[in-house]
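Listed below, chain by chain, are the residues.
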Amino acid sequence: MSFTDHHLLQPRHLLIPLIAYIAYYILNRLILWPRFLSPLRNLPGPPLGSILFGQSPLIIRSETGIPQREWVKQYGPVVRVVGPVGIERLIFMKPEALHQILVKDWLEYPRPTFLRNILGLVTGYGLLTVTGNDHKQMRKAMNPAFSIPNLMAQTHMYFEPINGLVDILKKDISAEKQPDKGKIIHVYDWMSKVTLDIICETAFGYKADSLHNPHNELAEAYELLISLQSGSNLARLIVLVSLPGGPRFLASDWAYHHRHWLAKIPLLGKTFLSSFYRHTTLSGGELCAAAVSKLVDAMYRIRKISSRMLQEKMKDSNITTLNDTDAKRDIMSILVRARKAELDGGTGGYAMSDRAMMDQVLTFLGAGHETTASGLTWTLWHLSNNPDSQRRLRAELAPVFAENPCPDYRTLKDLRWLDCVVMESLRVMPPVPLTARIAAKTGYIDGVLVPKGTLLWIPVSDIRIVNTWKEIWGEDAEEFNPARWLALPKAYHPTFSLLSFIAGPHACIGKTMSIIEMKAVLAALIVNFEFEPSAVGQVAHPAAAITIKPTDGMPLRVRRVSPLGPFSTGGFANANANANANAV
């Protein structure tokens, strides 16, 4: 080796090009690309924001979807937003663009890795996270469990928890010094309990009974998990699951057994996150460390209980073969029987692995519990602020419950004003207000050249934006008005004007089940109680997180209504007539 070659290979000469490359990469990522080089730079959108974080601090500190909705109003149906470290995000509003992303080219616009990891950590790597052929096979195997005949056979199972909730609320109100004035109740807490009991019964045949046993291990674990929902915690979680090995570490037994160490480690420092958390009382690191410890604790307990439930189902499937009448109708029993039949000599089709079955347990619990609880809570909030709509609903329900206090699937489905109320609440406050996709290839959407790697907000903007877009729903699009469902606007698209359950191959498989469950719970509550704000001028506080639950538990004043009797004697007929007149 010559002196010159040896001189060039010295560490300091290798280090200089490396430093120069890193400096250029950072400069290009933060300044050159988003401001001067990106093909998206001329699209309408808000100012770029800070060099390091873009518009992310505003989004995280704001109510979910509100900044994006204001940008759409100001800039139109295609909006460009720059996020942290120069990452570009696009919002598309038109049905044609949404159809391309969610349906036609759904494989070219998958969920981004960070979102799959967050969902996988909390709800298992099941139907919510898989894609391509695995998704097709898994969904095909699960479809029978969510069929209309099976949902019709399950509906009666809702009413044991529902009636238990009604009895609890009646006793709580009666115990007040002035029962006629009702009682202020944090309704979200009770909606969370009743929906957990319902999903455990209908999905697993497991009686959690969290309504009467607040110390049930599954209920406690979910209460801990749900308490962590906030925009700031979501931002921290995105950072953690984006680190190499982050998702696997958070789900490991080692992390659980050493979770107390995690609570003492400032994983993300205050200085780095100060622009995100300037309104908090703790430093970013302190908040993050405590939240990570609690997350690991909650998810370990939920996985442990879920594994136990699945093992019980596996044992049941090996005991005996039951006829259709005697077979258990919960969703997991149906899936286990189908899997066993395929493994024991079926058609050679798809049979879920043990891991896939375990992930489905987590998916049912995570996706079928808190979302429905949030949806019910916001529906009660809207009705408490719209007494005419509430009275009209009670008028519709009174004769039905007087005849049968546990109405069946068909009866609930055919109640028109109940359907209007539920659909309008899901439109205005979708339980899952946003999701995202990422461009796996460079291509055109709505005439815009979208580079590979561009992040797309779903609808694919934000679900809440499409649901309240004035171009479709009119000037009162952001208002709660159930009557709009009696005469839908001409611009309404049956698939892409309401994205509360997404659309396309990744549309929520439990949509019908969730809606009928909401109707059953809501109907029983409205027949028995009157809801109104807990104070004059009460303001709702939605969480800026994966779901849009209220951060304060949603305190409402709840009063008992007159016992059900013949329709003509309860005063409901006049209420219905008045409400109809007001709607006209």
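Residues numbered from 1 in each chain as written. Predicted model: local features only at pLDDT ≥ 70, side-chain atom pairs only at ≥ 80, totals over all residues. Heavy atoms only, no water.

**Q** Tell me about the overall build of the protein, residues and numbers included.
**A** Summing up its helical and strand segments, the protein has 26 helices and nine strands in all. The buried share of the protein, taken over its 584 residues, is 53%. A sequence separation of at least 24 residues applies to 75% of the contacts in the protein between residues at least 6 apart. Carbon and sulfur atoms form 57% of the exposed surface of the protein, whose accessible area is close to 26,500 Å². (Helix = DSSP H or I, 4+ residues; strand = E, 2+ residues; numbered from the N terminus. Buried < 20%, exposed > 50% of the residue type's maximum accessible area, 1.4 Å probe, protein only. Contact = heavy atoms within 4.5 Å. Areas by Shrake-Rupley, 256 points an atom, 1.4 Å probe, with all protein chains shown as cover.)

**Q** Before we move on, can you summarise the packing of aromatic side chains with the specific residues and values?
**A** The geometry of an aromatic ring pair is captured by the separation of the ring centres together with the interplanar angle, meaning the angle of the planes. The final tally for this structure, using the stated rule, is nine aromatic pairs. Judged by centre distance (6.0 Å) and plane angle (75°), the ring pair of W485 and Y492 falls under edge-to-face. Put simply, the rings of F146, F204 and F364 pair up and form one aromatic cluster. One Lys or Arg, R259, reaches over the ring of Y256 and ends 4.1 Å from the middle of that ring. Directly above the aromatic system of W417 lies the positively charged group of R392, at a separation of 3.8 Å from the ring centroid. (Phe/Tyr/Trp six-rings, centres within 6.5 Å; stacked < 30°, edge-to-face > 60°. Lys NZ or Arg CZ within 6 Å of the ring centre and 35° of its normal.)

**Q** So, the sheet that holds strand β3 (residues 183-186): which residues are in play, and what are the values?
**A** Across a sheet, paired strands are connected by hydrogen bonds in the backbone, their directions being either parallel or antiparallel. One open sheet holds the three strands; their spatial order is β3-β9-β8, and the pairing between them is antiparallel. Since the sheet does not close on itself, it has two edges, and those belong to β3 and β8 (529-533), each with one partner. The sheet shows a mean angle of 40° between the axes of neighbouring strands, taken without regard to direction. For β3 and strand β9 (residues 555-560), the ladder comprises four bridges, and the chain directions are antiparallel. Paired with H186 across the two strands is P555, which belongs to β9. Running at roughly 80° to β8, helix α19 (residues 354-384) makes contact with β8 and β9 of the sheet. Along the sheet, helix α25 (residues 511-528) makes contact with β8 and β9, crossing β8 at roughly 90°. (Pairing = 2+ DSSP bridges. Axes fitted to C-alpha atoms, helices over the stretch in contact; angles between N-to-C directions.)

**Q** I'd like to hear about the packing of helix α10 (residues 187-204) against α25, residue by residue, with values.
**A** The packing of two helices is summarised by the inter-axis angle and the distance between the axes. Where α10 meets α25, the closest approach of the two axes is 12 Å, and the angle between their N-to-C directions is 130°. Put simply, α10 runs oblique to α25. For the element pair α10 and α25, the recorded crossing hand is right-handed. Where α10 approaches α25, its residues M191, V194, T195, I198, I199 and T202 are matched on the opposing element by M513, E517, V521 and L525. When the residues that make up the contact of α10 with α25 are grouped by side-chain class, the tally is seven nonpolar, two polar and one charged. (Parallel < 35°, antiparallel > 145°, perpendicular 65-115°, else oblique. Left-handed = near helix turned anticlockwise from the far one by under 90°. Nonpolar A, V, L, I, M, F, W, Y, C, P; charged D, E, K, R; others polar.)

**Q** Can you lay out the confidence of the model for the protein for me, pointing to particular residues and giving the numbers?
**A** Per-residue confidence for the protein gives a mean pLDDT of 85, with 85% of residues at or over 70. Confidence drops under a pLDDT of 50 for residues 565-584, and excluding neighbours within four residues, the segment shows 17 contacts in the predicted structure. (pLDDT = per-residue confidence, 0-100.)

**Q** For the nonpolar core, give the residues involved together with the corresponding values.
**A** Note that soluble globular proteins tend to have their nonpolar side chains buried in a common cluster. In terms of nonpolar packing, the biggest core is built from 139 residues, with L365 and L522 touching the most fellow members. If sequence neighbours within four positions are ignored, L522 has contacts with L376, T379, L380, L383, L393, L418, V421 and V422. Residues I101, Y109, I445 and V448 belong to the second largest nonpolar core, which totals twelve residues. (Core = buried A, V, L, I, M, F, W, Y, C linked by side-chain atoms within 4.5 Å.)

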